[in-house]
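Architecture and fold: a report
One-letter residues, chain by chain:
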Amino acid sequence: MQTNLRTVPQPLVRTNQWFIVLSVVSAWITGFEWILVLPLGAGILGLVFGFNPVMRIAKTFLKKATSEYIPEDWEQQQFNQLIAVICLAGGLISYSMNLNGLGHFFTIMVALAAFIAILGFCVGCFIRFQWKKFRARKTVVH
């Protein structure tokens, strides 16, 4: 039995990660927290409709066929994007309520996770792996 594994080319994932990092840093430097709407909107579109405009634009710059790049698991990317959307929304809501400390907490978490992923360690992947391991153990016990 052959299963189709849905993947995303690594350069598109990296572009999305850089977009998150640069948007958050831009919001911090300028004080214009509304900049967070850009990666938040792209992330929500990706989760709800499977269409991330940042990745779609970046795809036009790929020089090879998408299958020739290192593949990233689509489901894992959706999980990571969910975490990013939660943190970006939490940051934006916190800033709009004048809870700057909480806003900084959320945005630091998402920027740090995205930057660490760019460097090669995926925090979301680790969290998802631990969650799946926990669920498997719980199933075995019951």
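Here we summarise the structure given alongside this text.

Below, the discussion takes up unusual backbone geometry. Of note, the phi angle at Asn-98 is positive, near 65°, even though the residue is not glycine. Tracing the backbone shows Asn-98 in the loop between α4 (74-96) and α5 (100-119). Judged by its relative accessible area of 63%, Asn-98 falls in the exposed class.

Considering all chains together, one arrives at 5 aromatic pairs under this definition. Judged by centre distance (5.6 Å) and plane angle (65°), the ring pair of Phe-105 and Phe-106 falls under edge-to-face. Its relative accessible area of 46% is what places Phe-105 among the partly exposed residues. One Lys or Arg, Arg-6, reaches over the ring of Trp-74 and ends 3.9 Å from the middle of that ring. Sitting over the face of the ring of Tyr-69, Lys-64 holds its NZ or CZ atom 4.9 Å from the ring centroid.

The N-to-C vectors of helix α2 (residues 37-49) and α4 enclose an angle of 140°; their axes lie 9 Å apart at closest approach. The crossing of α2 and α4 is left-handed. Within the contact between the two elements, α2 uses Val-37, Pro-39, Leu-40, Gly-43, Ile-44, Gly-46 and Leu-47 and α4 uses Gln-78, Gln-81, Leu-82, Val-85, Leu-88, Ala-89 and Leu-92.

Attention now goes to the nonpolar core. By size, the foremost hydrophobic cluster in this structure holds 17 residues, and its most contacted members are Ile-20, Val-24, Leu-36, Leu-40, Leu-88 and Val-110. It is α4 that provides the largest number of residues to this core, a total of 6 residues. When residues no more than four places from it in sequence are discounted, the contact partners of Val-110 are Ile-20, Val-24, Ala-84, Cys-87 and Leu-88.

Turning our eyes to something else, we now look at the environment of Leu-5. If you trace the backbone, Leu-5 turns up in the segment before β1 (7-9). As for Leu-5 and Ala-89, which are separated by 84 residues in sequence, their C-alpha atoms are 30 Å apart.

In this model α5 runs 28 Å from its N-terminal to its C-terminal C-alpha over 20 residues, within 8% of the 28 Å that 1.5 Å per residue would give. Those residues of α5 that sit buried are Gly-103, Thr-107, Val-110, Ala-111, Ala-114, Ala-117 and Ile-118. Buried residues of α5 fall within an arc of 125° about the axis and therefore sit on the same side. Residues of α5 that are exposed and angled more than 90 degrees away from the buried face: Gly-101 and Leu-119. Downstream of α5 by a residue or two, Gly-120 has a phi angle that is positive, lying close to 125°.

Calculation notes
Residues numbered from 1 in each chain as written. Predicted model: local features only at pLDDT ≥ 70, side-chain atom pairs only at ≥ 80, totals over all residues. Heavy atoms only, no water. Helix = DSSP H or I, 4+ residues; strand = E, 2+ residues; numbered from the N terminus. Buried < 20%, exposed > 50% of the residue type's maximum accessible area, 1.4 Å probe, protein only. Phe/Tyr/Trp six-rings, centres within 6.5 Å; stacked < 30°, edge-to-face > 60°. Lys NZ or Arg CZ within 6 Å of the ring centre and 35° of its normal. Axes fitted to C-alpha atoms, helices over the stretch in contact; angles between N-to-C directions. Left-handed = near helix turned anticlockwise from the far one by under 90°. Contact = heavy atoms within 4.5 Å. Core = buried A, V, L, I, M, F, W, Y, C linked by side-chain atoms within 4.5 Å. Expected span 1.5 Å × (residues − 1). Arc of directions from axis to C-beta.

Read these as spatial facts, not as claims about activity.
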